[in-house]
Amino acid sequence: MGDGFGRPMVALMLLAGMVGLGAWNFHRNVEAERQQPRPFASYSDSDLETLVAAYEQEIADFTRKWEKVTGKKVNVQNFVHTDSRIREFERVQGLGRQAREMTGELAKRHVALDELHEEQAKRVQEQEVVLIFLKRLFMYNG
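Now for a description of the structure that goes with this document.

What counts and what doesn't
Residues numbered from 1 in each chain as written. Predicted model: local features only at pLDDT ≥ 70, side-chain atom pairs only at ≥ 80, totals over all residues. Heavy atoms only, no water. Helix = DSSP H or I, 4+ residues; strand = E, 2+ residues; numbered from the N terminus. Rg over C-alpha atoms; globule rule 2.2 N^0.38 Å. Buried < 20%, exposed > 50% of the residue type's maximum accessible area, 1.4 Å probe, protein only. Contact = heavy atoms within 4.5 Å. Phe/Tyr/Trp six-rings, centres within 6.5 Å; stacked < 30°, edge-to-face > 60°. Core = buried A, V, L, I, M, F, W, Y, C linked by side-chain atoms within 4.5 Å. Polar contact = N/O pair within 3.5 Å; in protein donor to acceptor, adjacent residues only side chain to side chain. Axes fitted to C-alpha atoms, helices over the stretch in contact; angles between N-to-C directions. Parallel < 35°, antiparallel > 145°, perpendicular 65-115°, else oblique. Left-handed = near helix turned anticlockwise from the far one by under 90°. Nonpolar A, V, L, I, M, F, W, Y, C, P; charged D, E, K, R; others polar.

For the chain, the helix and strand inventory stands at 4 helices and 0 strands. Overall, the chain shows an N-to-C arrangement of helices and strands of α-α-α-α. Its C-alpha radius of gyration of 29 Å places the chain more than 25% over the 14 Å reference for a compact globule of 142 residues. Across the 142 residues that make up the chain, the buried fraction comes to 18%.

On to the side chain of E88. When you line up the elements, E88 lands in helix α3 (residues 82-127). For E88, a relative accessible area of 7% translates into the label buried. Apart from residues lying up to four places away in sequence, E88 is in contact with N75, V76, Q77 and F79.

Across all of its chains, the model carries 1 aromatic pair by this definition. Summarising the aromatic geometry, the rings of F40 and Y43 are spaced 5.4 Å apart at their centres and angled 80° between planes, so their arrangement reads as edge-to-face.

As a further point, take the nonpolar core. If you look at the biggest cluster of nonpolar residues, it comprises 11 residues: F40, L48, V52, I59, F62, V69, A99, M102, L106, L113 and L116. Elements with a minimum of two residues in this core: α2 (45-71) and α3. L116 has contacts with F40, L48, L51, V52 and Y55, leaving out every residue within four places of it along the chain.

On to the environment of R91. Mapped onto the elements of the fold, R91 is located in helix α3. Sequence-wise, R91 and V76 are 15 residues apart; in three dimensions their C-alpha atoms are separated by 9.1 Å. Excluding anything up to four places from it in sequence, R91 contacts V74, N75 and V76. Among the polar contacts made by the side chain of R91, one reaches the side chain of E88 at a distance of 2.7 Å.

For the pair α2 and α3, interaxial distance at closest approach is 9 Å and the crossing angle is 155°. Relative to α3, the element α2 is oriented roughly antiparallel. Our pair here, α2 against α3, has a crossing hand that is left-handed. Tallied by class, the residues present in the contact of α2 with α3 amount to 14 nonpolar, 7 polar and 9 charged.

And the structure:
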């Protein structure tokens, strides 16, 4: 009689333990998701699509300008007089600075567009409620 009652009880205790651990992991993942910044979460889907299209167009336009600045060879003149050499150095240095600044600006636009794409991807994932539930239950997102 002891064996017949003990095994189901052990199985029930293991099941209860698994349910408890699953619930704990679920709540831990929900909290981890809340801690992640989502700067575009309050935007509507249509506003998000409009913003993505605008950033893509701006990046395309800016990339063409950037390619003109970074793609051209800088012709450095060799002057005899010191004043002329200094002016030439400042001119070439200014072109290099402009290229670096434009590269930084282009990178910032790409980062913003990546954040917009991430928000769109999260929204698609959120629509798959069952998969999200199972992910929260069995995986760690922290």
